[in-house]
Amino acid sequence: MPLVSMRQLLDEAAKGGYGVGAFNVNNMEQIQAIMEAARETKSPVIVQASRGARAYTNDKFLYHLMLAATELYPEIPMVLHQDHGNSVETCKSAMAMGFTSVMMDGSLMADGKTPSSFEYNVSVTREVVEAAHAKGITVEGEIGCLGGIEDGHGAGGDALAHLTDPDQAVEFVRLTGVDALAIAIGTSHGAYKFTRKPTGETLKMDRLIEIHRRLPNTHLVMHGSSSVPKDLQDIINQYGGKLKPTWGVPIEEIQLGIKNGVRKINVDTDSRLAITGAIRKVFFEKPEEFDPRSYLKPAREAMEKVVAQRMTQFGQAGHAGDYTPIPLEEMAKRYRLQHLAS
Ligand SMILES: [Zn+2]
């Protein structure tokens, strides 16, 4: 099947009461790992590429790998999403390339680190929504800013400095018409999220619940939601790595989020940890190896394992065959009618 609209995937997830992991990719092995995990667990999938990933793959390689995935895994509904678009231009180039969903992160200026004004955010996001919906493409916006800048996007170290204000979230959705909304509740990007195990208090889950109560029809997105499991950290350190002790977002908190309107959960660090640990192990145990396949294959398998586990934990497993994809033209028509009615 062709790449599908993220709106449809998330609407279905809302109906079924589950969440969908959005996994970042930069190369063929990561795409293969996700697709194998999806087949194994019968999951719909969101594959996402950051600006960095698009630069690394020069777009074309990434896009054609995704087309290969649609041919090889015809039973899996799959979305190609732009993660953290920093400008209207970035989002438009993703749409031109064939992405079926884009994130316009107007919570920061185009440099990806300076917090912007509410007015700026509304204006750029609205512009992207108009262009995207005309083509049936989904839009995710962000209100409030995430902490951490390891992925080149975030307002800096303090994840609690720019939490999402529920009143602003309501106003933002009304003014922009976004399909999905990333909210800041204390998570941050990268491996170093928390210095001790976070509780429902560290993560502002009550705020998430309040936002969902006020915006029951908007799909909420949790960014920076890798769980950074200790066993994956240990493998890296056991074979010569030097990760400092760190904690991610506990699965129970994500599952509480899913009960309260979270439909998209962004995971990148867990995949990176799995890949790096597997490669380090081969390098350490078999220093005589020099065929890249000898370490990329176990790396791919390690990522597949953690992705399949997340798909099961988020509840998307078993739902790949629930629905037939709605063509983007039909989605565009629905947006037009919705627009006329409002
Ligand atoms: Zn993010």
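Given the structure is predicted, the values throughout are model-derived calculations rather than measurements. For every chain, the first residue of its written sequence is number 1, and the numbers climb from 1 along that sequence. This being a predicted model, a pLDDT of at least 70 is required before a residue's local features are given, and a value of 80 or more before pairs of side-chain atoms are given or counted; all residues contribute to the totals for chains, interfaces and linings. To get the side-chain values, take all heavy atoms of the structure and skip hydrogens and water.

Another point: the overall build of the protein chain. To qualify as a helix, a DSSP run of H or I must reach at least 4 residues; to qualify as a strand, a run of E must reach at least 2; elements of each kind are numbered from the N terminus. Assigned secondary structure in the protein chain consists of 13 helices and 8 strands. Seen through its C-alpha atoms, the protein chain measures out along the principal axes to roughly 65 × 45 × 35 Å. Counting across all 342 residues of the protein chain, residues that qualify as buried make up 56%. Each accessible area value is a Shrake-Rupley result obtained with a 1.4 Å probe; residue values ignore everything except the protein chains displayed when judging cover. When the accessible area of the protein chain is evaluated, it comes to approximately 14700 Å², of which 55% is carbon and sulfur surface. Across the protein chain, 37 positive and 42 negative side-chain charges occur, with their mean positions spaced 1 Å apart. Working definition: with a 1.4 Å probe on protein chains only, accessible area under 20% of the residue-type maximum means buried, over 50% means exposed, and in between means partly exposed. Charge counting treats Lys and Arg as positive and Asp and Glu as negative, with His and both chain ends excluded. Every charge is mapped to an atom, namely NZ of Lys, CZ of Arg, CG of Asp or CD of Glu.

With that out of the way, let us pick up the packing of helix α10 (residues 251-259) against helix α12 (residues 292-314). Whenever a helix is involved, its axis is fitted only over the stretch in contact; in every case the axis is a line through C-alpha atoms, and angles between N-to-C directions fall within 0 to 180 degrees. Relative to each other, α10 and α12 sit at 45°, their axes nearing to 10 Å. On the basis of their axis angle, the class for α10 and α12 is oblique. Side by side, α10 and α12 meet where Ile 251, Ile 254, Gln 255 and Ile 258 of the first sit next to Arg 310, Gln 313 and Phe 314 of the second. Residue composition of the contact of α10 with α12, by class: 4 nonpolar, 2 polar and 1 charged. For classification purposes, angles smaller than 35 degrees are called roughly parallel, those larger than 145 roughly antiparallel, those between 65 and 115 roughly perpendicular, and all remaining angles oblique. A contact between two residues is defined here by any heavy atoms of the two lying within 4.5 Å. The residue classification treats Ala, Val, Leu, Ile, Met, Phe, Trp, Tyr, Cys and Pro as nonpolar and Asp, Glu, Lys and Arg as charged. All others, Gly included, are polar.

With that out of the way, let us pick up the pattern of salt bridges. Salt bridges are identified by distance alone: a Lys or Arg side-chain nitrogen within 4 Å of an Asp or Glu carboxyl oxygen. Using the criterion set out here, one finds 21 salt bridges in the structure. Note that Glu 75 and Arg 39 form a salt bridge whose closest N and O atoms lie 2.8 Å from each other. Of this pair, Glu 75 sits in the loop between α4 (60-72) and β3 (78-85) while Arg 39 is found in helix α2 (residues 28-41), placing the two residues 36 residues apart along the sequence. A relative accessible area of 33% means that Arg 39 is categorised as partly exposed. Measuring nitrogen to oxygen at the nearest pair gives 3.1 Å for the salt bridge that ties Asp 234 to Lys 230. In this pair, Asp 234 and Lys 230 both sit in helix α9 (residues 230-238), 4 residues apart, roughly one turn of the helix.

What characterises a pair of aromatic rings is the spacing of the ring centres plus the angle enclosed by the ring planes. We call Phe, Tyr and Trp rings a pair once their centres come within 6.5 Å, taking the six-membered ring for Trp, and we label the pair stacked below 30 degrees between planes, edge-to-face above 60, and tilted otherwise. Inspection of the entire model under this criterion finds 3 aromatic pairs. With centroids separated by 5.4 Å and ring planes inclined at 65°, the aromatic side chains of Tyr 239 and Phe 284 adopt a geometry described as edge-to-face. With a gap of 45 residues between them, Tyr 239 in the loop between α9 and α10 and Phe 284 in helix α11 (residues 269-285) connect regions that are remote in the sequence. Given the relative accessible area of 53%, Phe 284 is considered exposed. When the ring of Phe 283 is compared with that of Tyr 295, the centres are 4.7 Å apart and the planes differ by 70°; the resulting orientation is edge-to-face. With Phe 283 in helix α11 and Tyr 295 in helix α12, this pair connects stretches of sequence that are 12 residues apart. For Phe 283, a relative accessible area of 43% translates into the label partly exposed. Among the residues examined, Tyr 295 registers a relative accessible area of 19% and is labelled buried. Sitting over a ring, as applied to charges here, requires NZ of Lys or CZ of Arg to be within 6 Å of the ring centre and within 35 degrees of the ring normal. In this arrangement the basic side chain of Arg 54 is found over the ring face of Phe 99, its NZ or CZ atom lying 5.2 Å from the centre.

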